Amino acid sequence: MEIALGIRTKKPEHKGLELSLINEVENSRGVQIGILGNIAKESRGVQVGAGNIAKESRGVQVGAGNITDELSCGVQIGLVNNPKESRGAQIGLVNITDESNYGVQAGFINGTNESKGVQIGAYNHTDRLYGFQGGIVNYCGGESRGAQLGVLNLRSGVPWYALAIPVIAIRKKIKKS
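Residues numbered from 1 in each chain as written. Predicted model: local features only at pLDDT ≥ 70, side-chain atom pairs only at ≥ 80, totals over all residues. Heavy atoms only, no water.

S.K.: Pulling in residues and values, what's your account of the overall build of the protein?
M.R.: Counting its secondary structure elements, the protein contains 0 helices and 3 strands. Helices and strands in the protein line up, N terminus first, as β-β-β. On the principal axes, the C-alpha backbone points of the protein span a range of 60 × 30 × 20 Å. For the protein, buried positions account for 43% of its 177 residues. Carbon and sulfur atoms make up 67% of the accessible area of the protein, which amounts to about 8600 Å² in all. (Helix = DSSP H or I, 4+ residues; strand = E, 2+ residues; numbered from the N terminus. Buried < 20%, exposed > 50% of the residue type's maximum accessible area, 1.4 Å probe, protein only. Areas by Shrake-Rupley, 256 points an atom, 1.4 Å probe, with all protein chains shown as cover.)

What follows is the structure, encoded as structure tokens:
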């Protein structure tokens, strides 16, 4: 185990604790605490800082902004969370997953291309829902299956009378003719 302290730490590999203004490492196995932020190609552990960036994160990211270029497998807690793919939980003001979310998005605004899990927030948006949305306004695309609970539940690719349904909407996959 190692402990690294400084203004800025930059190295290929880290195991243990890093504490500085900015931490930059290829592979992190442990805890990164960067007052301004943390950067890691691969993070397996905990990143705490104003901003956290990882190509792949397996663990916990806590900060104002958390960005993962590929897979986030674990928990992201922040004002803005933005992984390419999430397998776990996102808790924040804005949670946007570029591709797929397998797990929970809990925030004011939640968005993803594909949701296989739960979205809880004021506004929830997914092109393909396979799970549950709970919020004030929920949107899902025509390829969706699941349930929506909200003031207004929207869905594309359906007849005009099913575009907007208040309170509870049960979504079944539309059969293509």
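S.K.: Tell me what's going on with the side chain of Asn 38, and back it up with residues and numbers.
M.R.: Along the chain, Asn 38 turns up in strand E1 (residues 2-140). Here Gly 34 takes part through its backbone nitrogen, which lies 3.3 Å from a polar atom of the side chain of Asn 38. At 3.0 Å, the side chain of Asn 38 and the backbone oxygen of Val 48 are in polar contact. Excluding its chain neighbours within four sequence positions, the residues that come into contact with Asn 38 are Asn 23, Gln 32, Ile 33, Gln 47, Val 48, Gly 49, Gly 51, Asn 52 and Ile 53. (Polar contact = N/O pair within 3.5 Å; in protein donor to acceptor, adjacent residues only side chain to side chain. Contact = heavy atoms within 4.5 Å.)

S.K.: For the packing of aromatic side chains, give the residues involved together with the corresponding values.
M.R.: Going through the model one piece at a time under the given rule, you end up with 1 aromatic pair. With a centroid separation of 5.7 Å and 85° between ring planes, the pair formed by Trp 160 and Tyr 161 is classed as edge-to-face. According to the relative accessible area criterion, Trp 160 is exposed, its value standing at 72%. Exposure remark for Tyr 161: the relative accessible area of 58% places this residue in the exposed category. (Phe/Tyr/Trp six-rings, centres within 6.5 Å; stacked < 30°, edge-to-face > 60°.)

S.K.: Can you tell me about unusual backbone geometry, naming the residues and giving the values?
M.R.: Although it is not a glycine, Val 167 sits at a positive phi angle of roughly 65°. Along the polypeptide, Val 167 turns up in strand E3 (residues 164-171).

S.K.: Residue-level account of the pattern of salt bridges, with values.
M.R.: By the definition in use, this model includes 8 salt bridges. With its nearest N and O atoms 3.7 Å apart, the salt bridge here joins Glu 70 to Lys 55. The shortest N-O distance in the salt bridge between Glu 56 and Arg 58 comes to 2.9 Å. Ionic contacts of the salt-bridge type, sharing partners, join the residues Arg 29, Glu 42 and Arg 44 into one network. (Salt bridge = Lys/Arg side-chain N within 4 Å of Asp/Glu carboxyl O.)

S.K.: Describe in detail the environment of Val 137, supporting the description with residues and values.
M.R.: Considering the arrangement of structural elements, one finds Val 137 in strand E1. Classification of Val 137 as partly exposed rests on a relative accessible area of 24%. In sequence terms Val 137 and Ala 122 are 15 residues apart; their C-alpha atoms lie 6.3 Å from each other. If we skip the residues at most four places from it in the chain, Val 137 touches Ala 122, Tyr 123, Asn 124, Leu 152 and Leu 154.

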